[in-house]
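The chain contents come next:
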Amino acid sequence: MHTSAPPVPRQVERPLPPARDPLPGATHTRTRWRRVLGFEIDALNSVQFSNHTGYPHWKGQVLNSNELQELYEGLKLNSVNKYDYVLTGYTRDKSFLASVVDIVRELKRQNSGLVYVCDPVMGDKWNGEGSMYVPEDLLPVYKEKVVPVADIITPNQFEAELLSGRKIHSQEEALAVMDVLHAMGPDTVVITSSDLPSPRGSDYLIALGSQRIRNPDGSVVTERIRMEMYKVDAVFVGTGDLFAAMLLAWTHKHPNNLKVACEKTLSAMHHVLQRTIACAKAQAGGGLKPSPAQLELRMVQSKKDIENPEIVVQAAVL
């Protein structure tokens, strides 16, 4: 989740309608599968680690704003800083994050139709208790600078609570939190996971989405959806990256249909995780707990599921 892809633009052989985007905070998970789905990508590191931080040890560097600006300046000098999308994720340096906002604003001045997708990676809940795994000084940057310029955000429940300043104990409170986040800027908010109880039992996880659709006459319609996914009893790293990358791709294909975009995204994730846990358990053998290396997402093996997922997660319109 926290390793980064090299900042090399690459042409896809079977493109969708042309779409280029840079990925500050890029990871192998994000870049590889958006190329599969037809995007030409310029990937910019936010960190360069030997491996993701789900392992006991890692080595590497955290990039700062000066290093990001130097990379972006290279793109500008070659006049290739023209994008349709920006996707950001894991970041550990607040100056880097603030510079991302400056770059997004500049890119939006060049292309008013640019869509900025922000995965506000800050922390998660374990056994009901939330904690941050990035420096706490990133939170005000996200709240005051990043979220207001974002078009789509994909927080988990804990991150949505941090950004809104409100706790979530029910679906109604989650919908109210998404309204708060809408008011901060983004037209699309997806709470990618929560600890809300599912009517289908404790083996299922609830995600919620909300999209504001602006009609030509100026009116705004808000669509809300709820999704229930089967839980997998393992700790995976990179699922948030995969979710954000695929949601960007499927909202490109279905810009005003969050239901379909989320169904395709979560169905693909279901197939990836089921394949991953089956392979990991087989490698571990003897009923042993799989290691972080064995739990690396089996995405190469899931290529067809990512390109054309069989829909196994249905979204309910609220």
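Definitions and cut-offs
- Residues numbered from 1 in each chain as written.
- Predicted model: local features only at pLDDT ≥ 70, side-chain atom pairs only at ≥ 80, totals over all residues.
- Heavy atoms only, no water.
- Axes fitted to C-alpha atoms, helices over the stretch in contact; angles between N-to-C directions.
- Helix = DSSP H or I, 4+ residues; strand = E, 2+ residues; numbered from the N terminus.
- Left-handed = near helix turned anticlockwise from the far one by under 90°.
- Contact = heavy atoms within 4.5 Å.
- Nonpolar A, V, L, I, M, F, W, Y, C, P; charged D, E, K, R; others polar.
- Core = buried A, V, L, I, M, F, W, Y, C linked by side-chain atoms within 4.5 Å.
- Buried < 20%, exposed > 50% of the residue type's maximum accessible area, 1.4 Å probe, protein only.
- Expected span 1.5 Å × (residues − 1).
- Arc of directions from axis to C-beta.
- Patch = residues over 30% accessible without salt bridge, like charges linked within 9 Å, V, L, I, M, F, W, Y side chains within 5 Å.
- Areas by Shrake-Rupley, 256 points an atom, 1.4 Å probe, with all protein chains shown as cover.
- Salt bridge = Lys/Arg side-chain N within 4 Å of Asp/Glu carboxyl O.
- Lys, Arg positive; Asp, Glu negative; His and termini not counted.
- Charge placed at Lys NZ, Arg CZ, Asp CG, Glu CD.
- pLDDT = per-residue confidence, 0-100.
- Pairing = 2+ DSSP bridges.

(A) How the structure looks around the packing of helix α7 (residues 239–253) against helix α8 (residues 258–284). Their axes nearest at 9 Å, the elements α7 and α8 cross at an angle of 140°. In the packing of α7 onto α8, the handedness of the crossing is right-handed. Each of Thr239, Leu242, Phe243, Met246, Leu247, Trp250 and Thr251 in α7 lies in contact with α8, whose residues at this interface are Leu258, Ala261, Cys262, Lys264, Thr265, Leu266, Ala268, Met269, Val272 and Leu273. When the residues that make up the contact of α7 with α8 are grouped by side-chain class, the tally is 13 nonpolar, 3 polar and 1 charged.

(B) Molecular detail of the nonpolar core. Grouped together as the largest cluster of nonpolar side chains are 48 residues, with contacts concentrated most on Tyr116, Tyr142 and Val146. The dominant element in this core, judged by the number of residues it contributes, is helix α3 (residues 94–110), at 8 residues. Excluding anything up to four places from it in sequence, Tyr142 contacts Gly89, Leu97, Cys118, Asp119, Pro120, Val121, Met122, Val147, Pro148 and Leu163. Of all hydrophobic cores here, the second largest spans 40 residues; its members include Ile225, Met229, Phe236 and Met299.

(C) The arrangement of helix α6 (residues 171–184) in detail. Compared with an ideal rise of 1.5 Å per residue, which puts 14 residues at 20 Å, α6 spans 20 Å between its outermost C-alpha atoms and is within 8% of the ideal. Within the span of α6, buried status applies to Ala174, Leu175, Val177, Met178, Leu181 and His182. What you see down the axis of α6 is that its buried residues fit within an arc of 160°, all on one side. Exposed residues pointing more than 90 degrees away from the buried face of α6 are listed as Glu172 and Ala183. Its buried side turned inward, α6 meets β9 (152–153), α5 (157–164), β10 (188–191), β11 (204–214) and β12 (220–230). At the exit of α6 stands Gly185, carrying a positive phi of roughly 155°.

(D) Just a positive patch on the surface, in detail. Together, Lys94, Arg105, Arg109 and Lys145 make up a region of like positive charge exposed at the surface. By secondary structure assignment, the location of Lys94 is in helix α3.

(E) Region of the structure containing the confidence of the model for the chain. Here the chain averages 88 in pLDDT, while 89% of its residues score no lower than 70. Ignoring residues within four places in sequence, the model shows residues 1–19, a span with pLDDT below 50, making 67 contacts including any to other chains. Confidence drops under a pLDDT of 50 for residues 26–33, and excluding neighbours within four residues, the segment shows 40 contacts in the predicted structure.

(F) Seen up close, the sheet that holds β11. Spatially, 7 strands are ordered β5-β6-β9-β10-β11-β12-β13 in an open sheet, and the strand pairing comes out mixed. Both edges of this open sheet fall to β5 (85–88) and β13 (315–317), since each of them pairs with a single strand only. The pairing of β10 with β11 spans 4 bridges and is classified as antiparallel. Its bridge partner lying in β11, Thr188 is registered against Gln211. On the sheet, α7 packs against β5, β6 (115–118), β9 and β10 and is oriented at approximately 160° with respect to β5.

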